[in-house]
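# Breakdown of the fold
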Amino acid sequence: MQNLIPYLVVFVIYIAVAADFWRGAKVTTNAQSLKLHSAMITLGLIIHAWLLYQVIFENHFNLGFFNMLSAISWLTVLIYWLADLKHELTSLQAFVLPPAAIFAILPATNAANHFMPLAESPLFLAHIAIALLAYSLFTFATFHALLMTVAERALHNKPTLIKLPSFPPLMVMETLLFRIITLGFILLTVTLISGILFSEQIFGKPMQFNHKTVFSIASWIIYGALLYGRFQYGWRGLKAIRWTLTGFMLLVLAYVGSKFILEVVLGR
């Protein structure tokens, strides 16, 4: 195992912020606590980024399963941190930070390494960066959709297992959700097109029509249909949330599912 201390620091920071939020969930969090949370998340992001650089770039280009999950969680927390600066999405940290804490510590196990032979190719690096950013945007959108579900139930006084102190207005949350999905859809489109057109240059082999491709295209269709329904028919609320979650599940099957089976289960 690598030195666990910096990984544990990131884990503790993320968990501590989430735990402090949950501890005060029955009351309105004061401005001083919000500033402290933001500062702690900033510190966590900096240390997390440094650890990712070490495990991914210092020894060739290692995009193993755990490293990929950690990178996606870092980007998701970063997207949350940036969105929170403008939209005050404090309640969302209850969803974003706990899984990020777990995924951040996984690379310390030094398991499921996957060294990429084409790391010096700018096209390959661009493809990977765009794909990871798209995946992180959809991950954030999924957490945001879950928060909207809780907010919807609270607004209509329906029972819920999750009690949160406050939410931004639903219209604001909905607008942000579709902005994130639109950006993610554009990046996913670029990822799919680059993978199809430049497969041999990027991966060193022609395009293969496998389960990863099928689920990726299916997810792209779901998100595209959601955006079309939104702008053509005004889809919103629970319908938009269901389509968001469905698209994300397909994306998980396409990318995370395939890498987990190949690298962790089969050890390839």
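Our subject is the structure that appears above.
Residues numbered from 1 in each chain as written. Predicted model: local features only at pLDDT ≥ 70, side-chain atom pairs only at ≥ 80, totals over all residues. Heavy atoms only, no water.

## Observations regarding the overall build of the protein
Cut-off, in case you're wondering: Helix and strand definitions here come from DSSP, where helices need a minimum of 4 consecutive H or I residues and strands a minimum of 2 consecutive E residues; each element is numbered from the N-terminal end. Should any heavy atoms of two residues lie within 4.5 Å, those residues are considered in contact. Surface exposure here means Shrake-Rupley accessible area, sampled with a 1.4 Å probe, where a residue is shielded only by the protein chains that are shown.
When helices and strands are tallied, the protein shows 10 helices and zero strands. For the protein, the proportion of contacts with a sequence separation of at least 24, taken over those separated by at least 6, is 82%. For the protein, the exposed area adds up to about 13700 Å²; of that, 69% sits on carbon and sulfur atoms.

## Concerning helix H8 (residues 211–233)
Applied cut-off: In this scheme, a helix's expected span is set at 1.5 Å multiplied by one less than its residue total. Only protein chains enter the calculation, and the probe is 1.4 Å; a residue is then buried if its accessible area is under 20% of its type maximum, exposed if over 50%, and partly exposed in between.
Here H8 contains 23 residues, and its C-alpha end-to-end distance of 32 Å stays within 8% of the 33 Å for a straight helix at 1.5 Å per residue. Within H8, burial applies to Thr213, Ser216, Ser219, Ile222, Tyr223, Leu226, Leu227 and Gly229. Phi turns positive, to about 75 degrees, at glycine 234, one or two residues after H8.

## Some remarks on the pattern of salt bridges
Put simply, the test is: In the sections that follow, a salt bridge refers to a side-chain nitrogen of Lys or Arg positioned within 4 Å of a carboxyl oxygen of Asp or Glu.
This model, assessed by the stated rule, comprises two salt bridges. A salt bridge links glutamate 174 to arginine 230; its shortest N-O distance comes to 3.1 Å. Taken together, the positions of glutamate 174 in helix H6 (residues 170–197) and arginine 230 in helix H8 put the pair 56 residues apart, joining distant regions of the chain. What makes glutamate 174 buried here is its relative accessible area of 4%. Between glutamate 174 and arginine 236 there is a salt bridge; the shortest N-O distance is 3.3 Å. Of the two residues, glutamate 174 sits in helix H6 while arginine 236 sits in the loop between H8 and helix H9 (237–254), which places them 62 residues apart along the sequence. In the salt-bridge network here, residues are joined through shared partners; they are Glu174, Arg230 and Arg236.

## Some thoughts on helix H3 (residues 65–87)
Side chains that are three or four residues apart share a direction in an α-helix, a result of its 3.6 residues per turn. Compared with an ideal rise of 1.5 Å per residue, which puts 23 residues at 33 Å, H3 spans 32 Å between its outermost C-alpha atoms and is within 8% of the ideal. With respect to burial, H3 is a largely interior element, 17 of its 23 residues being buried. Taken from the residues just after H3, glutamate 88 is the one with a positive phi, measuring 55 degrees.

## A word on the packing of H6 against H9
We apply this condition: Where helices are involved, their axes are fitted lines through C-alpha atoms of the stretch in contact, as for all axes, and angles between N-to-C directions lie from 0 to 180°. In this scheme, roughly parallel covers angles under 35 degrees and roughly antiparallel covers those over 145, while 65 to 115 is roughly perpendicular and the rest are oblique. In this scheme the handedness of a crossing depends on how the near helix is turned from the far one: anticlockwise by less than a right angle means left-handed, clockwise means right-handed.
Interaxial distance between H6 and H9 falls to 12 Å at its minimum, and their mutual angle equals 30 degrees. Relative to H9, the element H6 lies roughly parallel. The two elements H6 and H9 meet at a crossing, and its hand is left-handed. Contacts between H6 and H9 involve Glu174, Leu177, Phe178, Ile181 and Leu188 from the former and Gly237, Ala240, Thr244 and Leu251 from the latter.

## Things to note about the packing of H8 against H9
Our working rule: The nonpolar class holds Ala, Val, Leu, Ile, Met, Phe, Trp, Tyr, Cys and Pro. Asp, Glu, Lys and Arg form the charged class, and all remaining residues, Gly among them, are polar.
As a packed pair, H8 and H9 sit with axes 8 Å apart at the nearest point and diverge in direction by 165 degrees. Taken together, the axes of H8 and H9 lie roughly antiparallel to each other. Of the two possible hands of crossing, H8 and H9 adopt the one that is left-handed. Contact residues: H8 offers His211, Lys212, Phe215, Ser216, Ala218, Ser219, Ile222, Tyr223, Ala225 and Leu226, while H9 offers Ala240, Trp243, Thr244, Thr246, Gly247, Phe248, Leu250, Leu251, Leu253 and Ala254. Of the residues assigned to the contact of H8 with H9, the class counts are 13 nonpolar, six polar and one charged.

## Quick word on the nonpolar core
For clarity, the cut-off: The term nonpolar core refers to a set of buried residues drawn from Ala, Val, Leu, Ile, Met, Phe, Trp, Tyr and Cys, joined through side-chain atoms within 4.5 Å.
Within the largest apolar cluster, 74 residues are counted, with the highest numbers of intra-cluster contacts made by Tyr14, Val77, Leu92, Leu132, Phe138, Phe140 and Ile181. Contributions of two or more residues to this core are made by helix H1 (5–23), helix H2 (31–57), H3, helix H4 (93–105), helix H5 (122–155), H6, H8 and H9. Per-element tally for this core: the top contributor is H5, with 15 residues. Other than its neighbours up to four places away in sequence, phenylalanine 138 contacts Ile181, Gly184, Phe185, Leu188, Tyr223, Phe248 and Leu251.

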